[in-house]
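# Survey of secondary and tertiary structure
Read off the chains here:
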Amino acid sequence: MEYTIKALADLAGVTPRTLRWYHQEGLLKPLRTTEAGYRLYGPREVDRLQDILFYRELGLELSAIRRILDDPAFDRQAALQSHLTELKARRDHLDGLILTVRKTIDETRGGSKMSDKEKFEAFKRRVVAANEARYGEEIRQKYGDGAVDRANANVLALTEEEYGQWTALGEEIKAALVRAVRAGEDPAGQEGRRIAALHRRWLSYSWEAYTPQAHAGLAQLYTADARLTAYYDGEVPGCAAFLRRAITAYTSGT
C-alpha cells in the first residue's frame, strides 16, 4: 500500500511538515514522486518512519538516528527488542516513582516516615535499569555478569550526595567534550588527558577496581556501538571519537 504525505502523516500522528523535514534531512525519502509532484510512501518507508519515531521517543537527535538507520549493520529486529527492553525499564521506573510519591504524600500527612535512602532509590534504579536495557548485553559479554552486577550494586548504594556528584560529573564530561571538539583540541593533549581523568573519576563511582586496560576497552565501545556514539555525539559529532582517543592516550601512560 502507498500513502500520500498527508495520509502517512495522519497515520503516524505527525504533520506533513515533519515528513518534509525528515526528507530534507535525508532521514526519510519517499518511495517515489508522481508527475504531479506528490510524494508517495510504501511499506519500507512506513517501517522506517516507525523506527525514526521509536528513536525520537528515546531522545536521539535526527543526525544520530540517520547514522543508526543507515548503518549497513543495522538490525531492525535487534533494535525493536532493544526498544521493548527500554520501554519496560521506563515502565518500571514510573512504577517506582509512583510508589515514592505515594509514600512521600503519606509522610506529609503524618504517616510512616521515609528514610533518606527510600527518597532517592527510584532515581538510582532508573539509571541502572536504563543502562542495563541499552548496553547490558554488550557490557556483560565484555566484562562478565559478576562485574556488571557489582557495578549496578555500587550505583544503588550511592548516597544522595554521591549520586549528585556522579551525575554532575557525567554532565561535566559531556560539556567538556563539546568544547574540546569545537576548539579542535588534541585528544592526546592536556585537555584530552584532563577529560580522560574526569572519566576515570566518573567510573570510580561504580567500578570496584580500576585498570587502564578495562578503561581503554570501555572506550572502544563508544565508537563501536552506535547508541553510545549517539549519546556523546548528541550535540556535536565527534565527541565519542575524541573521548575514545583521549582515554586511549591516557591509559597508555597510566
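Right above here is the structure, for reference.
To keep things clear, this report deals only with the structure shown in the data block.

### A word on the sheet that holds strand β2 (residues 32-33)
Within a sheet, adjacent strands bond to each other through the backbone by hydrogen bonds, running parallel or antiparallel. Strand order in this open sheet of three strands is β1-β3-β2, and the pairing throughout is antiparallel. Of all strands in the sheet, those with a lone pairing partner are β1 (3-4) and β2, marking the two edges. With two bridges joining them, β2 and strand β3 (residues 39-41) adopt antiparallel strand pairing. Note on β3: the bridge partner recorded for T33 is R39.

### A short note on the nonpolar core
If you look at soluble globular proteins, the nonpolar side chains tend to sit buried side by side. L177, I195, Y222, Y232 and L243 are the most contacted members of the largest nonpolar core, which totals 31 residues. Where this core is concerned, the elements lending two or more residues are α8 (160-183), α9 (190-204), α10 (212-224), α11 (226-232) and α12 (239-252). A per-element tally of this core places α8 first, with eight residues. Leaving out residues up to four positions away in the same chain, L177 has contacts with I195, Y232, C239, F242 and L243. Formed by 21 residues, the second largest nonpolar core is a distinct cluster that contains Y22, Y41, L49 and I52.

### Quick look at the side chain of E45
You can see E45 is positioned in helix α3 (residues 43-57). Although E45 is buried, it forms no salt bridge, and the closest oppositely charged side chain is R44 at an N-O distance of 5.5 Å. A polar contact of 2.8 Å, which involves the side chain of E45, links it to the backbone nitrogen of G42. Excluding residues within four positions of it along the chain, E45 makes contact with L28, K29, P30 and L31.

### Structural notes on the packing of α3 against helix α4 (residues 62-70)
Two numbers describe how α3 lies on α4: the axes approach to 10 Å, and their chain directions differ by 130°. The angle between α3 and α4 places the two elements in the oblique class. In the crossing of α3 with α4, the sense of the turn from one axis to the other is right-handed. When α3 is examined against α4, the residues R48, D51, I52, Y55 and R56 are found in contact with a partner set consisting of L62, I65, I68, L69 and D70. Residues of the contact of α3 with α4, tallied by class, amount to six nonpolar, no polar and four charged.

### A look at the packing of aromatic side chains
Applying the stated criterion across every chain, the model contains six aromatic pairs. Put simply, the rings of Y163, W166 and W202 touch in pairs and so form one group of aromatic residues. Positioned over the ring face of Y231 is K174, at 4.1 Å from the centre of the ring. Geometry around Y210 places R200 over its ring, the cationic atom sitting 3.9 Å from the centre.

What counts, and at which threshold
- Residues numbered from 1 in each chain as written.
- Predicted model: local features only at pLDDT ≥ 70, side-chain atom pairs only at ≥ 80, totals over all residues.
- Heavy atoms only, no water.
- Pairing = 2+ DSSP bridges.
- Helix = DSSP H or I, 4+ residues; strand = E, 2+ residues; numbered from the N terminus.
- Core = buried A, V, L, I, M, F, W, Y, C linked by side-chain atoms within 4.5 Å.
- Buried < 20%, exposed > 50% of the residue type's maximum accessible area, 1.4 Å probe, protein only.
- Contact = heavy atoms within 4.5 Å.
- Lys, Arg positive; Asp, Glu negative; His and termini not counted.
- Salt bridge = Lys/Arg side-chain N within 4 Å of Asp/Glu carboxyl O.
- Polar contact = N/O pair within 3.5 Å; in protein donor to acceptor, adjacent residues only side chain to side chain.
- Axes fitted to C-alpha atoms, helices over the stretch in contact; angles between N-to-C directions.
- Parallel < 35°, antiparallel > 145°, perpendicular 65-115°, else oblique.
- Left-handed = near helix turned anticlockwise from the far one by under 90°.
- Nonpolar A, V, L, I, M, F, W, Y, C, P; charged D, E, K, R; others polar.
- Phe/Tyr/Trp six-rings, centres within 6.5 Å; stacked < 30°, edge-to-face > 60°.
- Lys NZ or Arg CZ within 6 Å of the ring centre and 35° of its normal.

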